[in-house]
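Working through the structure, step by step
Listed here are the chains, written in short residue letters.
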There are 2 protein chains.
Amino acid sequence: MGQGEDGWFTERDDDEGIGLTLRVRRKLHEEQTPYQRIEVYETTSWGRLLVLDGYVMLTSRDNFTYHEMMAHPVLFTHPHPRRVVIIGGGDCGMLREVMKHPGVEECVQVDIDEGVTRAAERWFPELCSANDDPRAHLLFEDGIEYVRRLEPGSVDVMIVDSTDPVGPAVGLFGKDFMASVHRALAGDGLMVQQSESPILHLDSLLRDVRTAMRDGGFARVVTLQFPVVGYPSGWWSATMAGKGGDLTRFRESDAGARAFTTRYYNCATHRAALAVPEFCRELLTDQ
Amino acid sequence: MGQGEDGWFTERDDDEGIGLTLRVRRKLHEEQTPYQRIEVYETTSWGRLLVLDGYVMLTSRDNFTYHEMMAHPVLFTHPHPRRVVIIGGGDCGMLREVMKHPGVEECVQVDIDEGVTRAAERWFPELCSANDDPRAHLLFEDGIEYVRRLEPGSVDVMIVDSTDPVGPAVGLFGKDFMASVHRALAGDGLMVQQSESPILHLDSLLRDVRTAMRDGGFARVVTLQFPVVGYPSGWWSATMAGKGGDLTRFRESDAGARAFTTRYYNCATHRAALAVPEFCRELLTDQ
């Protein structure tokens, strides 16, 4: 795993037997923080590449599908999102998408590792373009503790933009955390969490996230699917949970009339992300 | 490109700066035919892997998305497909999907390379399960010549399941071939062709295929998008063309009531495949 001498950065998963390789020109940055190893590469065709502990986090060219599909579907499913919390998301790309919604009055980003945000500010300034928005607040602390301390019912939308469930992020995938999010959300509040690849992790992490959400108290759970070139298999998911209501319905007229730019998201791709492939039907019962 | 000494098969595209790597146990088969080099590997997690001229064609585990999304959308868009022709498709996986439709009276598969079919029969017998269907006819000859000789208006659906537009398949992507397909199709006939990755090839091959179809006489062109893990970027497309009519409409009640098994395809994923991401809107004007 890492940069070979042949000019390609390779991420391989021995257990899944699959890996991605990206052609790189050079390493721009390397740093060991108290939490993880940060690397930034310049690629030949994908802009800059952010790597944490050897895993591809994003490239300049492909991150739009992930960030848009984690942010906009949940924000257009909630009737009137005003108070948003992002757990993780240190690269600030999610914050940028959330800040595109004029109705959002406050967005708190809580990442445990300030080093990621500092590296993003330097190497991915386009992702950090909303960091100075007066509605945005960047905290660097433990997200699990932060959510536990939140006033009950004080949040409209919680976006969990974490790394894989190893290392610092492992606690973000369990029932206790989900219960804590459930408590922090208002009655019509929604959460969304990245839930890995439908073809790789349907019967493991994706199922476990959904189970943890239900065990944490959420009555409704739906999983969105969309392409993410930089992640294993290129096929990714996000799982949305709410205390009630039909999460397959969203504010289509608002989404269609949105006054901001997207590259992947629109009403059609939002609906498309809710489609359930045959092999997922047994698991994805709410949609 | 090929099997490294580290036990991984890697396909890299220098120009696109991206590649896929699959963990392999051993090479099961290698053969140089008059047209291309065939390799079959046993992988650790993806079943068997078919490689032509160094390019991943399919794995046992992931080929269902490609074969189903190339076959069923076009067959459920046509009002009553009876006479089907597959150009390419030597691995026989497309033929198997087509033969699932009881209304199809005849399906002719025309691949230039008999070696691919013989290798598939040996190493991917599950893809060849319909080869003995009395409605199926396997020809091994040049597909371009075959289509040119077809009686005008004699085909309902033409599926072009080719390799990339290099080597033996290059002629299958040009205007002359499209005009020849147009002539062979009945008035309500439809064609579909794999058109590579929306994120990699939107302004190159995908655009060129659509232009060639229109220049070849087709009035309507729509592009479907779906995941294919084994192909570059994991995000693939198929472009469907017809002489008229709305190709975004399909026989939903028939598709919903289909009496055969699929793993990806259903009415929801068919509709989802027609969704146009924002960055594709300028090109995909018919849908």
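Residues numbered from 1 in each chain as written. Chains lettered and ligands numbered in written order. Predicted model: local features only at pLDDT ≥ 70, side-chain atom pairs only at ≥ 80, totals over all residues. Heavy atoms only, no water.

Some words on the layout of surface pockets
- A volume near 550 Å³ is recorded for the largest pocket.
- What lines the largest pocket is a set of 22 residues, among which Arg271 and Ala272 of chain A together with Ala268, Arg271 and Ala272 of chain B lie closest to the centre.
- The residue makeup of the lining of the largest pocket, split by class, is 12 nonpolar, 5 polar and 5 charged. (1 Å grid on protein atoms, 1.4 Å probe; cavity = no way out; pocket = protein on both sides within 12 Å on 5 of 7 lines; lining within 4 Å. Points joined across faces, edges and corners; volume = space filled by probe spheres on them. Nonpolar A, V, L, I, M, F, W, Y, C, P; charged D, E, K, R; others polar.)

A word on the relation of the copies chain A and chain B
- With an RMSD of 0.0 Å, the fit of chain A onto chain B corresponds to turning through 180° and sliding 0.0 Å along the axis. The superposition of one copy onto the other is thereby described by a two-fold rotation axis.
- In this assembly, 100% of the residues forming the interface of chain A have copies in chain B that are likewise at the interface, indicating an isologous arrangement. (Least-squares fit on C-alpha atoms with pLDDT ≥ 70 in both. Contact = heavy atoms within 4.5 Å.)

Digging into the interface of chain A and chain B
- Residue-level contacts link 43 residues of chain A with 43 residues of chain B.
- For the chain A and chain B pair, buried surface summed over both sides reaches about 3400 Å², with 58% attributable to carbon and sulfur atoms.
- For chain A, the biggest contributors to the area lost against chain B are Trp8, Arg12 and Glu278 of chain A; these three give 16% of the whole.
- Between chain A and chain B we count 4 salt bridges in total. (Buried area = accessible area lost by both parts, 1.4 Å probe. Salt bridge = Lys/Arg side-chain N within 4 Å of Asp/Glu carboxyl O.)

Here we look at the sheet that holds strand E13 (residues 235-242) of chain A
Residue and element names in this part refer to chain A.
- Spatially, the 7 strands line up as an open sheet ordered E9-E8-E7-E10-E11-E13-E12, and their pairing is mixed. The sheet is open, and its two borders are formed by strand E9 (136-139) and strand E12 (220-227), each paired with just one other strand. Each strand axis lies, on average, 15° off the axis of its neighbour in the sheet, ignoring direction.
- Relative to strand E11 (residues 185-194), strand E10 (residues 155-161) runs parallel, the two sharing 5 bridges. In the strand pairing of E11, valine 160 is matched with glutamine 193.
- Packed onto the sheet, helix H1 (residues 63-77) meets strand E7 (83-88), E10, E11, E12 and E13 and runs at close to 160° relative to E10. (Pairing = 2+ DSSP bridges. Helix = DSSP H or I, 4+ residues; strand = E, 2+ residues; numbered from the N terminus. Axes fitted to C-alpha atoms, helices over the stretch in contact; angles between N-to-C directions.)

Re the pattern of salt bridges
- Tallied over the entire structure, the rule returns 42 salt bridges over all chains.
- With a closest N to O distance of 3.3 Å, glutamate 42 of chain B and arginine 25 of chain B form a salt bridge. One end of the pair, glutamate 42 of chain B, is in strand E4 (residues 37-43); the other, arginine 25 of chain B, is in strand E3 (residues 18-32), and 17 residues separate them in sequence.
- For arginine 25 of chain B, a relative accessible area of 53% corresponds to the exposed category.
- Three or more residues are tied together by salt bridges with common partners; here these are Lys27, Glu30, Arg37 and Glu39 of chain A. (Buried < 20%, exposed > 50% of the residue type's maximum accessible area, 1.4 Å probe, protein only.)

Quick look at unusual backbone geometry
Residues and elements named next belong to chain A.
- Phi at glutamate 196 takes a positive value of approximately 65°, unusual for a residue other than glycine.
- If you trace the backbone, glutamate 196 turns up in the loop between E11 and helix H6 (198-215).
- Unusually for a residue other than glycine, serine 233 sits at a positive phi of about 85°.
- Its place among the elements puts serine 233 in the loop between E12 and E13.

Examining the packing of aromatic side chains
- One pass over the structure, following the stated rule, counts 16 aromatic pairs over all chains.
- With a centroid separation of 6.3 Å and 15° between ring planes, the pair formed by phenylalanine 76 of chain B and phenylalanine 260 of chain B is classed as stacked. Of this pair, phenylalanine 76 of chain B sits in helix H1 (residues 63-77) while phenylalanine 260 of chain B sits in the loop between helix H7 (252-256) and helix H8 (267-273), and the two are 184 residues apart along the sequence. In terms of burial, phenylalanine 76 of chain B and phenylalanine 260 of chain B fall into one category: buried.
- Chaining the aromatic ring pairs together yields one cluster made of Phe64 and Tyr264 of chain A together with Trp235 and Phe279 of chain B.
- Above the ring of phenylalanine 64 of chain B, the side-chain terminus of arginine 263 of chain B is found at 4.1 Å from the ring centroid. (Phe/Tyr/Trp six-rings, centres within 6.5 Å; stacked < 30°, edge-to-face > 60°. Lys NZ or Arg CZ within 6 Å of the ring centre and 35° of its normal.)

Brief notes about the domain arrangement of chain A
Residue and element names in this part refer to chain A.
- Under the domain assignment used here, chain A contains domain 1 (2-59) and domain 2 (63-284).
- Each of domain 1 and domain 2 has a C-alpha centre, and the two are 24 Å apart.
- Taken residue by residue, the interface counts 22 residues in domain 1 and 22 residues in domain 2.
- Carbon and sulfur atoms make up 68% of the surface buried where domain 1 meets domain 2, a total of about 2000 Å² over both sides.
- A per-residue breakdown of the area domain 1 buries against domain 2 is headed by Tyr35, Arg48 and Leu58, which together make up 26% of the total.
- Here domain 1 is connected to domain 2 by 6 residue pairs in polar contact (both at pLDDT 80 or more).
- Looking at the side of domain 1 that touches domain 2 residue by residue, the classes come out as 14 nonpolar, 4 polar and 4 charged. (Domains from an automatic or database assignment. Polar contact = N/O pair within 3.5 Å; in protein donor to acceptor, adjacent residues only side chain to side chain.)

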